[in-house]
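Descriptive analysis of the structure
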Amino acid sequence: MGTGRLYAAVAAGGFRRYATYRTATAAGVFTNTVFGLILAYTYLALWHERPHLGGYDEAQALTYVWTGQALLMTVSVMGGGFEDELIERIRTGDIAIDLYRPADLQLWWLAGDLGRALFHLLARGAIPMAAGALLFPLALPGSPVVWVAFLTAVLLGTVVSFAIRYLVALSAFWLMDGAGVAQISWIVAMFCSGMLLPLNVFPGVLGEIVRALPWASLIQAPTDVLLGTADPAAVYVRQLAWAAVLLTAGRMLQSAATRRVVVQGG
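A brief structural summary. (Residues numbered from 1 in each chain as written. Predicted model: local features only at pLDDT ≥ 70, side-chain atom pairs only at ≥ 80, totals over all residues. Heavy atoms only, no water.)

Counting secondary structure elements, the protein contains 11 helices and zero strands. In terms of C-alpha radius of gyration, the protein reaches 19 Å, essentially the compact-globule figure of 18 Å for 266 residues. Taken over the C-alpha atoms alone, the protein extends approximately 65 × 40 × 30 Å along its principal axes. The burial tally for the protein puts 48% of its 266 residues in the buried class. Long-range pairs, those at least 24 residues apart, make up 80% of the contacts in the protein between residues at least 6 apart in sequence. Here the protein displays about 12,700 Å² of accessible surface, and carbon together with sulfur accounts for 69% of that area. (Helix = DSSP H or I, 4+ residues; strand = E, 2+ residues; numbered from the N terminus. Rg over C-alpha atoms; globule rule 2.2 N^0.38 Å. Buried < 20%, exposed > 50% of the residue type's maximum accessible area, 1.4 Å probe, protein only. Contact = heavy atoms within 4.5 Å. Areas by Shrake-Rupley, 256 points an atom, 1.4 Å probe, with all protein chains shown as cover.)

And the structure:
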């Protein structure tokens, strides 16, 4: 099997794996929809008092809410992806088997995570978004070009998310347990991705900092592309830059971890 076909098969396996959890998926769709309703009415109250907060009108703010719910699991803002399994394999020592396989460890987990992301986008993303569009006047674009640009930003945001979580998981090589680092990462992601509030509403220097961090690529950046409030090319450049930096850091950490395993094994 060629290298490309191998990772395509891994991605397809990741999609099928999550597709088997039908009850969990239905519960997740319900949870995302209910949480979306709570946020939507909260945003309505907030935007009633502060119209055009963050540069969004009311319809754009509501669109932001439901896009965030669609992307919440797609880009794994609160975890739930491969990282728990990878941390456990490092803890038990099973990672040594993975490192000796004729496949790149980083690409293997990335392929599987992209399959997971695609499933969540279709299952836990599209349905809550459709519910939001039925219940509220959303500012959804009519041009397919904008939707393609949005999906491209989602793909790049997913890669950035993977790169962050891969670094978090690899920290388990040097810690007793990576769960603490993972929990800190989830908290930071919730605050800095735009999951709770658009990063555009953060004032002054704080707003500039959170919008420059890699977590902004997860929800804020794709949503701004969908709303037409950001230049897609500029968004892609920033996402690609963060992906390159973080993936390179992950590869360096992976090499250090491999040497550690070899030394201990020897």
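The full count for this structure, using the stated rule, is 12 aromatic pairs. Judged by centre distance (5.9 Å) and plane angle (35 degrees), the rings of Tyr 56 and Tyr 64 are tilted. On the basis of relative accessible area, Tyr 56 is assigned to the buried category, the value being 1%. A relative accessible area of 1% means that Tyr 64 is categorised as buried. Here the aromatic rings of Phe 82 and Phe 162 are separated by 4.9 Å at their centres, their planes lie at 40 degrees, and the arrangement is tilted. With Phe 82 in the loop between helix 3 (58-71) and helix 4 (83-92) and Phe 162 in helix 7 (residues 144-170), the pair connects residues that are 80 residues apart, well separated along the chain. The residues Phe 82 and Phe 162 share a single accessibility class, namely buried. (Phe/Tyr/Trp six-rings, centres within 6.5 Å; stacked < 30°, edge-to-face > 60°.)

In this section: the pattern of salt bridges. Tallied over the full model, the rule gives seven salt bridges. The residue Arg 17 makes a salt bridge to Glu 85 at a minimum N-O spacing of 3.0 Å. With Arg 17 in helix 1 (residues 3-19) and Glu 85 in helix 4, the pair connects residues that are 68 residues apart, well separated along the chain. On the accessibility criterion, Arg 17 (42% relative accessible area) is partly exposed. Judged by relative accessible area, Glu 85 falls into the partly exposed class, the value being 29%. Note that Arg 89 is salt-bridged to Asp 98, the shortest N-O span being 2.7 Å. A residue is classified by how much of its surface remains accessible, and Asp 98, at 5% relative accessible area, is buried. Ionic contacts of the salt-bridge type, sharing partners, join the residues Glu 83, Asp 113, Arg 116 and Arg 165 into one network. (Salt bridge = Lys/Arg side-chain N within 4 Å of Asp/Glu carboxyl O.)

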